[in-house]
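Architecture at a glance
What follows is each chain in one-letter form.
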Amino acid sequence: MATVELRFSAQPEHVRTARLVAAAVARRAGVDEAVLDEVRLAVGEACSRAVGLHRSNHVTSPIRVMLTEEEKTFSIEVGDEVPGAGVAAADAAGVPGSRESAPAEEFDDAEGEDEMGLAVITGLVDDVEVSAGEAGGVIRMTWPTNPAAVLP
């Protein structure tokens, strides 16, 4: 299992770099070329969401992106360090993992960007897991790979 870890400060200009790295690693892992645009968009949305959460909640720690190549899958985890009270099963719009149950005084979802970002991601990626807790949140996205298509 090969893993690439990327950490960047919560600045919008770093999201593009994360998108480019994710696409390059996904291509090398054997993700279908037709899906690479979805990988770029989903990672961009997840990273933008994390940046927005960090900035609106005054969190200074870096955004974490883990890109992991496994035997038949490629996964990307985007983590933030904005504490939430837990994960709601689903909100009214059907988006899993929104932080509507987070403490109101300590959590700012940047005026609904949290839920909107999750809706976009779930529309782009078939296999998405969202979790949030006291240490922050993680969005895990997974795509199938084609081992025969792996670049040297």
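Treat the numbers as computed from the prediction; the structure is a model and nothing was measured.

**Digging into the nonpolar core**
- Counting residues in each nonpolar core, the largest one holds 30 residues, and the members touching the most others are Ile76, Val78, Met141 and Trp143.
- The set of elements that each furnish at least two residues to this core consists of strand 1 (2–8), helix 1 (15–29), helix 2 (36–56), strand 2 (63–69), strand 3 (73–79), helix 3 (113–124) and strand 5 (136–144).
- With 8 residues, helix 2 is the single largest residue contributor to this core.

**A closer look at helix 2**
- In this model, helix 2 (21 residues) spans 30 Å end to end at C-alpha, consistent with the 30 Å of a helix rising 1.5 Å per residue.
- Of the residues trailing helix 2, His58 is marked for its positive phi of about 60°.

**Re unusual backbone geometry**
- One non-glycine residue, His58, lies in positive phi territory at about 60°.
- Its place among the elements puts His58 in the loop between helix 2 and strand 2.
- Of the residues examined, His58 reaches a relative accessible area of 70% and is grouped as exposed.

**Observations concerning the pattern of salt bridges**
- Counted under the stated rule, the structure contains 6 salt bridges.
- The salt bridge involving Glu33 is made with Arg27; its shortest N-O contact spans 2.9 Å.
- Here Arg64 makes a salt bridge to Glu81, at a shortest N to O gap of 3.4 Å. Separated by 17 residues along the polypeptide, Arg64 in strand 2 and Glu81 in the loop between strand 3 and helix 3 bring together distant segments of the chain.
- On the basis of relative accessibility, which here comes to 30%, the residue Glu81 falls in the partly exposed class.
- Look at the salt bridges and you will find they share partners, linking Glu70, Glu77 and Arg140 into a network.

**Considering the sheet that holds strand 5**
- A sheet is described by the order of its strands in space; here 5 strands give the open sequence 1-2-3-5-4, paired in antiparallel fashion. Of all the strands in the sheet, just strand 1 and strand 4 (127–133) have a single pairing partner and so form its edges. Ignoring strand direction, the axes of neighbouring strands in this sheet form an average angle of 15°.
- Pairing analysis gives 7 bridges linking strand 3 to strand 5, with the strands arranged antiparallel. Paired with Ile76 across the strands is Met141, a residue of strand 5.
- Relative to strand 3, helix 1 is tilted by about 160°, and along the sheet it contacts strand 1, strand 2 and strand 3.
- With respect to the sheet, helix 2 is in contact with strand 1, strand 2, strand 3 and strand 5, its orientation differing from that of strand 5 by roughly 180°.

**A short note on the confidence of the model for the protein**
- Taken as a whole, the protein shows an average pLDDT of 82; of its residues, 76% reach a score of 70 or greater.
- Long-range and interchain partners of residues 85–105, a stretch whose pLDDT sits below 50, account for 45 contacts in this model, where long-range means more than four residues apart.

Parameters and conventions
Residues numbered from 1 in each chain as written. Predicted model: local features only at pLDDT ≥ 70, side-chain atom pairs only at ≥ 80, totals over all residues. Heavy atoms only, no water. Core = buried A, V, L, I, M, F, W, Y, C linked by side-chain atoms within 4.5 Å. Buried < 20%, exposed > 50% of the residue type's maximum accessible area, 1.4 Å probe, protein only. Helix = DSSP H or I, 4+ residues; strand = E, 2+ residues; numbered from the N terminus. Expected span 1.5 Å × (residues − 1). Salt bridge = Lys/Arg side-chain N within 4 Å of Asp/Glu carboxyl O. Pairing = 2+ DSSP bridges. Axes fitted to C-alpha atoms, helices over the stretch in contact; angles between N-to-C directions. Contact = heavy atoms within 4.5 Å. pLDDT = per-residue confidence, 0-100.

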